Amino acid sequence: MSAEKKTNGGAANADVGTKQSFRDFLATLDHAGELRRIAKPVDPRAFSTLIAQSPQAVMFDHVEGYPEWRVAGGLVSTRKRLAIAMGSTQNDVAMRFEEALRRPIEPIMTNEAPCQEVVYEGDTVDLTTIPYPLMHKLDGGPYISATCVVSKDPEFGRNVGSYRLMYRTPTETGIDLVSPSDMRLYYQRQLDRKRPLEIAVAVGVHPFEMLAASYKAPINTDEYAIAGGLHGAPVRLAKCRTVDLEVPADAELVLEGELLPIGWSADEGPFGEFSQISGDVKWNPIFRVKCITRRKDPIFYLLQMPWENDWLCAPVVEAAGLQALRNASVQPVAIRAPVGSCGYWTLIASIKKRPGEGKNALLALLSVAEVKLAIVTDDDINIHDPDQLDWAMTFRVQADKDVIIVSGARGKHVDPSIRAWELGKGGLPTTAKLGIDATIPEGIPKKFYTRLEYYDFGGTKLGDYK
Amino acid sequence: MNSLASSILNALKEQPYQFSELVDLHRDVAWRDFLTAWGQLRAAAVLARDENGRYLLKTDAKG
């Protein structure tokens, strides 16, 4: 596979990059009445429990023991706030994301890097200077959850993903690299050569960079270009200080270093997963931090599990579903990754159906990542209304004809039903997948689905009878 | 190893603990100090995990 579509850096330096930063998004939330500001100093052990009690996103303006820092969290814990981030309606976030996938914009390099206003290298590197939050009762340690992790492979080029970091020592973290991903592949390739993999971790970036990092893009796709497509302008990148990588110049905090070539051998977790479950101890590599850069007055982004992760997952999985449907020549009308499935494991779509396309659509949707339940309806069903969905599944489904089960597909560790704990260190799980075709079956005349209508409905008005 | 790290170590000599339980035992300590002490224990490579995710001391570290 060629890496030629991936950039090794960005276009020439220019001032045309996006002005949308993490701080701009905080200002947008504030303007919308969706950001609660707390002036009283807060201990990092209390961030998550306070965010969990707030209907709004939260900004802690003072942090006990960390006078230079502020902390923000719960930013996209609702679909409403995600829609604010996307600049779309709540039902259109997937279409908005898909549009950006179709119109990627290459990043640009800049020498103006707020993320490098303060630099710690060598003996001055100390992760305890960051307000590392303790989030959940059963976590194996404090975690950084809102990460854009950049890595590079000589053949495949740059990759940006999101991986959690568990505090271990002032210069080391655990990193969850269990699931299949491009960076896991990059790490494995370096591990085969007994070499470390250089990475850089940007924290406190705009949700567009987070969404792009969460998207399972083809390996030769630059996630920064997807983020650019969302912004409608190039992402401004800064060259890292100690590794040959690029990070969003407007990030609040950057950690530079390398994944040690030790394989999946260090304990990591549990961590409150996006599956809304406490998780388990995993065996993972170690990230050794060689350099910390940050703004002078940094804002730490605490991505509150599970809801922020779930709502960031949903448009990414939904957009992948839309693309899969279009690739299968099926015309989608609407799509939804319900939060009950953590925005990840279930896809529900309505389509303009031609004969046989209910099944084609199911096969397409079940090919998306680790989606394990897909439901397809006709376009007369509002899939955002659970009652209409239930109605379609009741009257348009015959279980012996309209249900597909696929065994042995790729699964995800955090789903307890796949028994990942039996796999051993570094093992990859499989899962069964279920598809339900809730479109009108072929051969049944549409007249049998004619909805009842009240006589003179719309003609006779209740308001006229007081 | 500083006195706080020794205190955590002594607790783990008695029984396994979840990380948050160790934090609870030292709740009056500044968070950054706790992280520094925890880092010392990690660096000393004396920690193991049980099937419930609790921390315990490696057999050869119990002294």
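Residues numbered from 1 in each chain as written. Chains lettered and ligands numbered in written order. Predicted model: local features only at pLDDT ≥ 70, side-chain atom pairs only at ≥ 80, totals over all residues.

Novice: How should the overall build of chain A be read in this particular structure?
Specialist: Helix and strand content of chain A: 11 helices and 23 strands. For 466 residues, the compact-globule estimate of 2.2 N^0.38 gives 23 Å, and chain A sits close to it at 23 Å. Looking at chain A as a whole, 54% of its 466 residues qualify as buried. Residue pairs in contact within chain A that sit at least 24 positions apart in sequence constitute 70% of those at least 6 positions apart. (Helix = DSSP H or I, 4+ residues; strand = E, 2+ residues; numbered from the N terminus. Rg over C-alpha atoms; globule rule 2.2 N^0.38 Å. Buried ≥ 20, exposed ≤ 12 C-beta atoms within 10 Å, placed from the backbone. Contact = placed C-beta atoms within 7 Å.)

Novice: What am I meant to see in the overall build of chain B here?
Specialist: Tallying secondary structure elements over chain B gives three helices and two strands in all. Across chain B, helices and strands are ordered from the amino to the carboxyl terminus as α-α-α-β-β. The globule rule puts the C-alpha radius of gyration for 63 residues at 11 Å, and the 11 Å found for chain B is close to it. Across the 63 residues that make up chain B, the buried fraction comes to 27%. A separation threshold of at least 6 residues defines the contact pool for chain B, and within that pool the share at least 24 residues apart is 60%.

Novice: Explain the sheet that holds strand E21 (residues 373-378) of chain A here, please?
Specialist: Residues and elements named next belong to chain A. Strand order across the open sheet formed by five strands is E19-E20-E21-E23-E22, with mixed pairing between neighbours. Of all strands in the sheet, those with a lone pairing partner are strand E19 (331-336) and strand E22 (403-410), marking the two edges. Each adjacent strand pair in this sheet contributes to an overall mean axis angle of 20°, direction not counted. Both E21 and strand E23 (residues 430-438) contribute to a ladder of five bridges, which runs parallel. Bridge assignment links Leu373 to a residue of E23, and that residue is Leu434. (Pairing = 2+ DSSP bridges. Axes fitted to C-alpha atoms, helices over the stretch in contact; angles between N-to-C directions.)

Novice: Honestly, the pairing of strand E3 (residues 70-73) of chain A in this entry has me stumped. Any pointers?
Specialist: On any regular strand, side chains alternate: one points to one face of the sheet, the next to the other face. All names here are of chain A. Relative to E3, strand E2 (residues 57-60) is paired through three bridges, and the arrangement is antiparallel. Bridging from a neighbouring strand, Val58 pairs with Gly73 of E3. Here E3 runs beside strand E18 (residues 299-302); their pairing, made up of four bridges, is parallel. When the bridges of E18 are listed, Gly73 appears paired with Leu302.

Novice: Would you explain the interface of chain B and chain A in this entry?
Specialist: Interfaces are often described in size by the accessible area the parts lose on coming together. Contact with chain B, which involves 14 residues of that partner, is made by 20 residues of chain A. Elements with a contribution of two residues or more to the side of chain B that touches chain A: helix H2 (19-25) and helix H3 (31-43) of chain B. Considering every element that reaches the side of chain B that touches chain A, the biggest residue donor is H3(B), with seven residues. A per-class count over the side of chain B that touches chain A returns six nonpolar, five polar and three charged. (Nonpolar A, V, L, I, M, F, W, Y, C, P; charged D, E, K, R; others polar.)

Novice: Explanation requested: the sheet that holds strand E12 (residues 236-239) of chain A in the structure shown.
Specialist: The strands making up a sheet associate through hydrogen bonds between their backbones, and the pairing can be parallel or antiparallel. Residues and elements named next belong to chain A. Taken together, three strands build an open sheet; the order of strands is E4-E12-E13 and the sheet is mixed. Edge positions in the sheet fall to strand E4 (108-109) and strand E13 (246-248), since each has one partner strand and no second. Bridge analysis of E4 against E12 gives two bridges, and the strand direction is parallel. Among the inter-strand pairings, Ile108 is bridged to a residue of E12, identified as Arg236.

Novice: How should I be thinking about the pairing of E23(A) in this particular structure?
Specialist: The pairing of E22(A) with E23(A) spans six bridges and is antiparallel. The residue bridging Arg410(A) from the neighbouring strand is Thr430(A), located in E23(A).

Novice: Explanation requested: the environment of Ile286(A) in the structure shown.
Specialist: The topology assignment puts Ile286(A) in strand E17 (residues 286-294). Leaving out residues up to four positions away in the same chain, Ile286(A) has contacts with Arg168(A), Glu172(A), Gly174(A), Leu260(A), Ile262(A) and Ala266(A).

Novice: Hey, could you run me through the domain arrangement of chain A in this one?
Specialist: Residues and elements named next belong to chain A. The domains assigned to chain A are domain 1 (22-307) and domain 2 (328-449). Opposite the 18 residues of domain 1 that make contact, domain 2 presents 15 residues. Residue classes in the side of domain 1 that touches domain 2 are distributed as eight nonpolar, seven polar and three charged. (Domains from an automatic or database assignment.)

Novice: What am I meant to see in the packing of helix H6 (residues 207-214) of chain A against helix H8 (residues 307-327) of chain A here?
Specialist: Between two packed helices, both the angle of their axes relative to each other and the distance between the axes serve to describe the pair. Residue and element names in this part refer to chain A. Their axes nearest at 9 Å, the elements H6 and H8 cross at an angle of 60°. It follows from the interaxial angle that H6 and H8 lie oblique. Pair H6 / H8 crosses with right-handed handedness. On H8, the residues that touch Met210, Leu211 and Ser214 of H6 are Leu312, Cys313, Pro315 and Val316. Residue classes in the contact of H6 with H8 are distributed as six nonpolar, one polar and no charged. (Parallel < 35°, antiparallel > 145°, perpendicular 65-115°, else oblique. Left-handed = near helix turned anticlockwise from the far one by under 90°.)

Novice: Sorry, what's going on with the nonpolar core here?
Specialist: Burial of nonpolar side chains together is a common tendency in soluble globular proteins. Residue and element names in this part refer to chain A. Within the largest apolar cluster, 154 residues are counted, with the highest numbers of intra-cluster contacts made by Ala200, Ala212, Val247, Val317, Leu347, Ala349 and Leu365. At 12 residues, H8 tops the list of elements feeding residues into this core. Formed jointly, this core draws a minimum of three residues from each of two domains, domain 1 (22-307) and domain 2 (328-449). Excluding residues that lie within four positions of it along the chain, Val317 makes contacts with Ala337, Gly343, Tyr344, Leu347, Val368, Ala369 and Val371. (Core = buried A, V, L, I, M, F, W, Y, C linked by C-beta atoms within 7 Å.)

Novice: I keep staring at helix H5 (residues 182-192) of chain A and nothing clicks. Help me out?
Specialist: At 3.6 residues per turn, the α-helix brings residues three or four places apart onto the same side. Residues and elements named next belong to chain A. Listing the buried residues of H5 in full gives Asp182, Met183, Arg184, Tyr186 and Tyr187. Where the residues of H5 are buried, they touch strand E7 (147-153), strand E8 (157-161), strand E11 (197-203) and strand E14 (253-259). Phi turns positive, to about 60°, at Lys194, one or two residues after H5.

Novice: Would you explain the environment of Lys80(A) in this entry?
Specialist: Note on placement: Lys80(A) falls in helix H3 (residues 79-86). With 13 C-beta atoms packed within 10 Å, Lys80(A) lands in the partly exposed category.

Novice: Looking at this structure, how should I read helix H7 (residues 223-231) of chain A?
Specialist: The buried fraction of H7(A) is high, at nine of nine residues. Immediately downstream of H7(A), the backbone of Gly232(A) shows phi near 75°, a positive value.

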